[in-house]
2 protein chains.
Amino acid sequence: MMPSEMTHLVTGGAGFIAHTLIRRLLERGDSVLAIDNLSRGSLASLERFSSDPLFSFRQADCADYASLRNEVGDALGTMTLTNVWHLAANSDVPAGVEDPEIDLRDTFLTTFNVLKLMREFAVPNLHFASSSAIYGDLGDRVADEAAGPLEPISNYGAMKLASEAQIRASVESHIQRADIFRFPNVIGTPATHGVILDFVRKLKATPSRLDVLGNGTQRKPYLHVEELVDAMLYIQTVATGRYNVFNIGPKDIGVTVGFIAETVQSRMSNGANICYGAGDRGWVGDVPKFQYSTSRLQSLGWEPRMDSKTAVMRAVNEIIAEQA
Amino acid sequence: MMPSEMTHLVTGGAGFIAHTLIRRLLERGDSVLAIDNLSRGSLASLERFSSDPLFSFRQADCADYASLRNEVGDALGTMTLTNVWHLAANSDVPAGVEDPEIDLRDTFLTTFNVLKLMREFAVPNLHFASSSAIYGDLGDRVADEAAGPLEPISNYGAMKLASEAQIRASVESHIQRADIFRFPNVIGTPATHGVILDFVRKLKATPSRLDVLGNGTQRKPYLHVEELVDAMLYIQTVATGRYNVFNIGPKDIGVTVGFIAETVQSRMSNGANICYGAGDRGWVGDVPKFQYSTSRLQSLGWEPRMDSKTAVMRAVNEIIAEQA
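Residues numbered from 1 in each chain as written. Chains lettered and ligands numbered in written order. Predicted model: local features only at pLDDT ≥ 70, side-chain atom pairs only at ≥ 80, totals over all residues. Heavy atoms only, no water.

Residue and element names in this part refer to chain A. In terms of residue burial, helix α1 (residues 16–27) counts as a mostly covered element, since 10 of its 12 residues are buried. Among the residues of α1, those classed as buried are Phe16, Ile17, Ala18, His19, Thr20, Leu21, Ile22, Arg23, Leu25 and Leu26. Of the residues one or two after α1, Gly29 is the one with positive phi, at around 90°. (Buried < 20%, exposed > 50% of the residue type's maximum accessible area, 1.4 Å probe, protein only. Helix = DSSP H or I, 4+ residues; strand = E, 2+ residues; numbered from the N terminus.)

Further remarks concern the relation of the copies chain B and chain A. For the pair chain B and chain A, the relating rotation is 180°, the translation along its axis is 0.0 Å, and the fit reaches an RMSD of 0.0 Å. Expressed as an axis order, the relation between the two copies is that of a two-fold axis. A shared interface surface links the copies, since 100% of the contact residues of chain B are contact residues in chain A too. (Least-squares fit on C-alpha atoms with pLDDT ≥ 70 in both. Contact = heavy atoms within 4.5 Å.)

The interface is formed by 34 residues belonging to chain B together with 34 residues belonging to chain A. When chain B packs against chain A, close to 2,800 Å² is buried across both sides, 60% of that on carbon and sulfur atoms. Sorting the residues of chain B by area buried against chain A places Phe112, Arg119 and Glu172 of chain B first, and these three jointly supply 16% of that buried surface. The tally of links between chain B and chain A comes to 4 salt bridges. One salt bridge in this structure joins Glu151 of chain B and Arg168 of chain A, with 2.9 Å as the shortest N-O distance. Scanning the region where chain B abuts chain A turns up 8 residue pairs in polar contact (both at pLDDT 80 or more). Of all the elements in the fold, those that place two or more residues in the side of chain B that touches chain A are α3 (93–98), α4 (100–121) and α5 (155–173) of chain B. A class-by-class count of the residues in the side of chain B that touches chain A yields 20 nonpolar, 5 polar and 9 charged. (Buried area = accessible area lost by both parts, 1.4 Å probe. Salt bridge = Lys/Arg side-chain N within 4 Å of Asp/Glu carboxyl O. Polar contact = N/O pair within 3.5 Å; in protein donor to acceptor, adjacent residues only side chain to side chain. Nonpolar A, V, L, I, M, F, W, Y, C, P; charged D, E, K, R; others polar.)

Residues and elements named next belong to chain A. The 7 strands lie next to each other as β3-β2-β1-β4-β5-β6-β11, forming an open sheet whose pairing is parallel. With one partner strand each, in any of the chains shown, β3 (55–59) and β11 (243–247) form the two edges of the open sheet. Averaged over all pairs of adjacent strands, the angle between their axes in this sheet comes to 15°, without regard to strand direction. Of the strand pairs in this sheet, strand β4 (residues 83–86) and strand β5 (residues 125–131) are connected by 4 bridges, and their pairing is parallel. Across the sheet, the residue bridging to Val84 is Leu126, located in β5. Along the sheet, helix α7 (residues 225–238) contacts β4, β5, β6 (177–183) and β11; its crossing angle with β6, the most-contacted strand, is approximately 155°. (Pairing = 2+ DSSP bridges. Axes fitted to C-alpha atoms, helices over the stretch in contact; angles between N-to-C directions.)

Right under this line is the structure:
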């Protein structure tokens, strides 16, 4: 295989989504430098890449610019970065509601510093993991990428929107192109957080009972991480604008938390009682139902093969196997 | 006069808009604590209030939380804040494009810390000076408050949008109410920055020649500061929602930079040559034309008495007199 001309920096490189992204980039023959502060991600997930000469890893915290700059500069040597995939962020939304400093630091200042790094290293292309959380609680409205108003109800959503804004302004000054991926709930392995992992862990600890936050009626779309990464790479390859914003998600309206609880229960502990809480929100900043339009991405020529139900059933099996 | 039950914190208290706001709040019989880091504002503008027992001032930097907290806590003593008017921000948009740290610190982290202060001091009501810059370059579209997408093209606009997002999320958790005022170009005295002051200073320095950034065709709406503050106080008094977003501006489509240059020239130095630059943008992040809808504010029952032209002519006279 010819050496690729593309060299990618992946932030949050030891995290859930990075695992699949890095595998796909390496399969393409591209070079990958992964960085992570290892506060939430784990080096174990990167072991499979460690013998690949196209892969390298450095421990660095994107929220600490000096450390970020030094580690990246040192790792690159004479190589030139062509693309940054900025995935580093807080992934614990309720923790960020409790303490706003968490999303300030890990969800926004990481983005700010990545843009600063791109300016210093003259990196042209940014691919950013944004979130449906920027839309806030839309009620019955279906959000497309041009929807307004944007009223995030969690600090996580607020700092993802802040990141998008800073990226947009940077396209006007020093970066050549940015892709903004607005993620739905993404599931699969290696699982680091999320409702399925929570349920699996709870049932392992107490096989007779599964406690659910909220009344189980929250309905959200779920996408499997393999499909998410497929969509990201498709957009990177096919989109041609300087600022490309895409909702990524399944075409269906999603499944309820109750469905997920029942799926995990049926696989792990058929006799367990599922105990629902009150209200249709699991926590402050939780959105009870959510649907957004993915027609822009379909118009670009990509659509998922799995619906939310299929994705949940596959991810439940994968996570149970991983946690066994 | 009975002592008012309202005690207001005004950040950016030594700045342009705060001057008029503080005067109006004191005239209402409310108590005002003004804070400013005095990096751009001047204490001179606050001298007229210094003998008013309802007024106090502390030097503090909102971007430095420890200083902010200590000064405000010390100044309040046993008083309880009911309202915060957060006006502190970078006001030099091109400087913020050159160095993104400026808007990060002065336009966004000030907001973040003000929200943190409100949480610590249990302050219920926030009134925030946002900006039309959050909309970015709309081309021929007329922005109403629900417009999307929001694509700010300056770091200033990005950090105002980030501020709005963090405020919106805080309404979900710890503040009772927030008013978001999306300002147009605001003019009047005491002038600290802006196109009129620039032109007046240039003509004072070189009476024979007035250099204009850009070709003079940029057209924007202008509002006089007296009317802006009137609208802010009207919204504070009349709006009833928990999160109230209002564009504030004149009803007309605005005047060109060329008109402003000619107005200043005719008052100060009738024989001066006006020398236009190239292009329809004065700087990166400048928007060549801009119009937004103020019909939401009109529906609430407020509208301006001056159009952009009248406001510019009045402000030019006031600024020339002030700078004489």
